[in-house]
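# Per-entry structural report
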Amino acid sequence: MDSQTTSNSRNSPTTTYREKKDGPTFTHHEHHHPSGDRMHEDASQLTRIGRYRGLLQPYFAEFLGTMLLVIFGTGANCQVSLSSNQNVSTSSKGSYTSVGFGFAVGISLGVWISAARSGGHINPAVTIALATFRKFPWRKVPGYVFSQLMGGIIGSALVYANYYHAINIYEGGSGVRTLLTAGNFGTYPLDYMTNASAFFSEFLGTALLVIIVFAATDPANAVPTAAVPILLFIVLLGIALCLGMETGFAVNPARDLGPRILTSIVGYGGAVYSFRNQYWLWGGVLAPVLGGLIGAFFYDILFFDGGRFKHALYRPRSDGFNGRSAA
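Before going into details, it helps to say that this report is about the structure given with it. What you see is a predicted model; the values in this text were computed from it and never measured. (Residues numbered from 1 in each chain as written. Predicted model: local features only at pLDDT ≥ 70, side-chain atom pairs only at ≥ 80, totals over all residues. Heavy atoms only, no water.)

This part covers the overall build of the protein. When its secondary structure is counted, the protein shows 14 helices and 0 strands. Ordered by position from N to C terminus, the α and β elements of the protein give α-α-α-α-α-α-α-α-α-α-α-α-α-α. On the protein, roughly 15,000 Å² of surface is accessible, and the fraction owed to carbon and sulfur atoms is 63%. (Helix = DSSP H or I, 4+ residues; strand = E, 2+ residues; numbered from the N terminus. Areas by Shrake-Rupley, 256 points an atom, 1.4 Å probe, with all protein chains shown as cover.)

If you want it as structure tokens, here you go:
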């Protein structure tokens with residue numbers, strides 16, 4: 001298998017939410033916090049550490065969810081790519097399909113484990129789309145994005161440590177690091193892809209991802225909350241197997257930039273940033289963010305009955321009622 005193509009896969013994205021002033025959560029119901037006297041009683045019993053833990057828990061959840069996504073995704077990249085060398089393994093361990101499933105498993109588990117406490121974004125493109133179209137608080141966006149980025153760095157560091165000796169063999173020597181194996185962590189488009197085509201591929205994949213995220217969490221669709229990670233598994237697997245070959249389907253700035261930072265730290269150098277005139281920025285960050293915003297825009301303008309476009313779609317009634325009639 002083409003090691004660059006295999007190593008390019010990644011992803012992803014995502015999330016679940018409800019409409020509230022404080023932003024999305026995994027379900028359309030309230031958090032499982034005690035109410036009334038019990039809430040005050042529990043709050044009074046919290047230590048300072050306990051209060052800090054409660055404040056930081058959403059950010060820890062985003063960190064852990066993104067880390068799981070990157071571990072399973074880049075781990076699949078490494079296993080498939082490195083095992084193609086007979087000095088590493090006597091037989092190949094997987095194929096491009098394995099990479100797609102690795103990232104799909106990663107996104108479903110990452111969202112599942114983080115959703116109840118943070119909304120399960122695990123993707124800056126999703127967080128920014130939610131802040132723009134679903135009233136997720138902008139004040140939380142920097143902390144979410146930082147947590148996601150750190151999850152990408154630590155997740156890829158664990159995978160790098162796991163495959164350290166195999167990478168040495170594949171590269172032909174201890175400490176030799178080239179873009180040949182850097183593609184197991186960050187995304188690098190294939191040589192025949194123009195810059196415009198590479199940008200479009202990442203833009204399109206992320207737009208599709210966010211459309212499914214918004215559809216899965218739209219109350220009108222009545223999707224059971226337990227099914228959302230499964231839907232995200234399906235959409236990311238579909239993006240990987242149908243659209244991911246040419247650029248490696250980053251569709252998630254943290255999933256691409258986090259591992260890219262890790263590779264620059266461990267010896268791959270500045271080439272991971274200078275590739276294709278700073279592809280990391282316009283292909284790995286800007287294309288997913290813009291794609292996510294456009295995907296969210298089209299879902300809301302075409303299907304969502306509330307949100308930013310409610311007043312553009314429904315004329316206020318003379319009795320002061322806004323929105324559609326019960327009929």
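With that settled, the discussion passes to the packing of aromatic side chains. Taken as a whole, this structure holds 13 aromatic pairs when the rule is applied. For the pair phenylalanine 199 and phenylalanine 203, a centre-to-centre distance of 6.3 Å together with 25 degrees between the ring planes defines the contact as stacked. Of this pair, phenylalanine 199 and phenylalanine 203 both sit in helix α9 (residues 195–216), 4 residues apart, which is roughly one turn of the helix. Relative accessible area serves as the criterion here: at 22%, phenylalanine 203 is assigned to the partly exposed category. Relative to tyrosine 279, the ring of phenylalanine 275 has its centre 6.4 Å away and its plane inclined at 85 degrees; by these criteria the two rings are edge-to-face. (Phe/Tyr/Trp six-rings, centres within 6.5 Å; stacked < 30°, edge-to-face > 60°. Buried < 20%, exposed > 50% of the residue type's maximum accessible area, 1.4 Å probe, protein only.)

Turning our attention to unusual backbone geometry. For arginine 276, which is not glycine, the phi torsion reads 50 degrees and is therefore positive. Considering the arrangement of structural elements, one finds arginine 276 in the loop between α12 (271–274) and α13 (279–302). Positive phi values are uncommon outside glycine, yet asparagine 277 reaches one of about 55 degrees. Its relative accessible area of 58% is what places asparagine 277 among the exposed residues.

Now for the packing of α9 against helix α10 (residues 228–243). Helix packing geometry: the angle between the two helix axes and the distance between the axes. Interaxial distance between α9 and α10 falls to 10 Å at its minimum, and their mutual angle equals 160 degrees. Judged on the interaxial angle alone, α10 and α9 are roughly antiparallel. The handedness of the crossing between α9 and α10 is right-handed. Together, Ser201, Leu204, Gly205, Leu208, Leu209, Ile212, Val213 and Ala216 of α9 and Val228, Leu231, Leu232, Val235, Ile239 and Leu243 of α10 make up the contact between the two elements. The residue makeup of the contact of α9 with α10, split by class, is 12 nonpolar, 2 polar and no charged. (Axes fitted to C-alpha atoms, helices over the stretch in contact; angles between N-to-C directions. Parallel < 35°, antiparallel > 145°, perpendicular 65-115°, else oblique. Left-handed = near helix turned anticlockwise from the far one by under 90°. Contact = heavy atoms within 4.5 Å. Nonpolar A, V, L, I, M, F, W, Y, C, P; charged D, E, K, R; others polar.)

Before going further, it helps to examine the side chain of arginine 177. One can find arginine 177 in the loop between α7 (164–171) and α8 (179–182). Buried and unpaired, arginine 177 has glutamate 171 as its nearest opposite-charge partner, separated by 5.5 Å. At a separation of 2.9 Å, a polar atom in the side chain of arginine 177 contacts the side chain of tyrosine 160. At 2.8 Å, the side chain of arginine 177 and the side chain of asparagine 168 are in polar contact. Setting aside its immediate chain neighbours within four residues, arginine 177 contacts Tyr160, Tyr164, Ile167, Asn168, Glu171, Val266, Gly267 and Tyr268. (Lys, Arg positive; Asp, Glu negative; His and termini not counted. Salt bridge = Lys/Arg side-chain N within 4 Å of Asp/Glu carboxyl O. Polar contact = N/O pair within 3.5 Å; in protein donor to acceptor, adjacent residues only side chain to side chain.)

Quick look at the pattern of salt bridges now. Where charged atoms of side chains with opposite charge meet at close range, the side chains can pair. Counted under the stated rule, the structure contains 2 salt bridges. Here arginine 260 ties to aspartate 256 by a salt bridge, and the two come within 3.0 Å at their closest N and O atoms. Linking arginine 260 with aspartate 256, this pair stays in helix α11 (residues 253–268), spanning 4 residues, or about one helical turn. Like aspartate 256, arginine 260 is buried.

Compared with the 32 Å implied by 1.5 Å per residue over 22 residues, the 32 Å span of α9 between its first and last C-alpha is a close match. The complete set of buried residues in α9 reads Ala198, Ser201, Glu202, Gly205, Thr206, Ala207, Leu209, Val210, Val213, Phe214, Ala215 and Ala216. (Expected span 1.5 Å × (residues − 1).)

Counting buried positions along helix α5 (residues 124–133) gives 9 out of 10 residues, so the element sits mostly inside the fold. In the core, the buried residues of α5 are packed alongside α6 (141–162), α9, α11 and α13. For α5, the capping residue at the N-terminal end is asparagine 123, with a side-chain oxygen 2.9 Å from the backbone nitrogen of alanine 125. Positive backbone phi, at 60 degrees, marks lysine 135, one or two positions downstream of α5.

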